[in-house]
Amino acid sequence: MPATISSLQELSAATHACRECPLGAPATQSVIGEGPLHARLMVVGEQPGDKEDLAGRPFVGPAGRLFDRAVAQLGWSREQLYVTNALKHFKYELRGKRRIHKSPAQREAEACHHWLESEIALVGPEAFIALGAVAARSLLRRPVAVTRERGHWLEDPAGRRVLVTLHPSALLRGDPAQKAAAWQAWLADLSLASQVFEARARAARR
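Fair warning: this is a prediction, and the values are worked out from it, not measured in the lab. (Residues numbered from 1 in each chain as written. Predicted model: local features only at pLDDT ≥ 70, side-chain atom pairs only at ≥ 80, totals over all residues. Heavy atoms only, no water.)

Observations regarding the packing of helix α4 (residues 106-123) against helix α5 (residues 133-140)
A packed helix pair is summarised by two numbers, namely the angle formed by the two axes and the spacing between the axes. As a packed pair, α4 and α5 sit with axes 10 Å apart at the nearest point and diverge in direction by 60°. Crossing of α4 over α5 shows right-handed handedness. Contacts between α4 and α5 involve Q106, A109, H113, L116 and I120 from the former and R137, S138 and L139 from the latter. Residue composition of the contact of α4 with α5, grouped by class: 4 nonpolar, 3 polar and 1 charged. (Axes fitted to C-alpha atoms, helices over the stretch in contact; angles between N-to-C directions. Helix = DSSP H or I, 4+ residues; strand = E, 2+ residues; numbered from the N terminus. Left-handed = near helix turned anticlockwise from the far one by under 90°. Contact = heavy atoms within 4.5 Å. Nonpolar A, V, L, I, M, F, W, Y, C, P; charged D, E, K, R; others polar.)

Looking at the packing of aromatic side chains
Applying the stated criterion across every chain, the model contains 4 aromatic pairs. For the ring pair W183 and W186, a centre distance of 5.8 Å and an interplane angle of 55° mean the geometry is tilted. Placement of both W183 and W186 in helix α8 (residues 179-191) is noted, with a separation of 3 residues, approximately one turn of the helix. Cation over ring: R69 sits above W183, and NZ or CZ is 4.0 Å from the ring centre. If you follow R161 out to its NZ or CZ, it ends over the ring of W153, 4.4 Å from the centre. (Phe/Tyr/Trp six-rings, centres within 6.5 Å; stacked < 30°, edge-to-face > 60°. Lys NZ or Arg CZ within 6 Å of the ring centre and 35° of its normal.)

A closer look at α4
The end-to-end C-alpha separation of α4 is 25 Å, in line with the 26 Å expected for 18 residues at 1.5 Å each. In the structure, α4 departs most strongly from a straight axis at C112, where the bend amounts to approximately 40°. Here α4 has its buried residues at E108, A109, A111, C112, H113, W115, L116, S118, E119, I120, L122 and V123. Close packing links the buried residues of α4 with α1 (8-17), β1 (41-45), β2 (81-85), β5 (127-131) and α5. Two residues or fewer after α4 comes G124, characterised by a positive phi angle close to 65°. (Expected span 1.5 Å × (residues − 1). Bend = angle between axes of the 7 residues up to and from the residue. Buried < 20%, exposed > 50% of the residue type's maximum accessible area, 1.4 Å probe, protein only.)

Written as structure tokens, this is what we have:
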């Protein structure tokens with residue numbers, strides 16, 4: 001592991017070569033985040049999925065498209081956000097020729113945590129959205145019951161603000177009869193982060 005990471009290009013190369021847990025070897029490539037450096041808001045998911053592993057980009061699969069729909073409905077722009085995952089490699093099991101997502105073990109998330117911290121140091125966001133329990137635990141450094149703690153601003157050990165909510169994949173897997181209600185509740189959670197952009201707009205008017 002390099003002593004310091006000074007660019008996203010270096011981070012990409014270092015994570016691609018990482019074998020600190022078993023996930024790196026079978027993955028196509030590592031997937032770090034994308035978005036503007038110095039973005040005010042960083043969105044953190046769990047891990048790359050099948051589409052992300054193949055494309056080398058985060059949030060481009062079905063869950064990512066649902067997230068993009070929410071971003072549009074909230075009046076945000078994806079270009080305002082830095083989006084990434086707590087883990088940088090895709091964990092899966094083969095079923096025939098299909099690669100099926102597997103939830104990462106805690107030891108795998110811990111092995112990847114310093115890469116996430118390197119990414120945070122490069123981007124320097126003011127606040128975070130944690131999508132799901134793995135992301136929330138990685139940021140807050142403690143177990144998080146997402147259904148109980150969602151929709152609230154919390155603080156990580158460094159005093160950084162973290163908004164916890166569901167991962168969009170949870171909505172895709174949810175009860176179809178509850179789909180509309182789940183969508184509105186998720187939007188309500190995410191909408192709390194609008195204050196991050198509103199603060200910038202107020203500062204610009206001064």
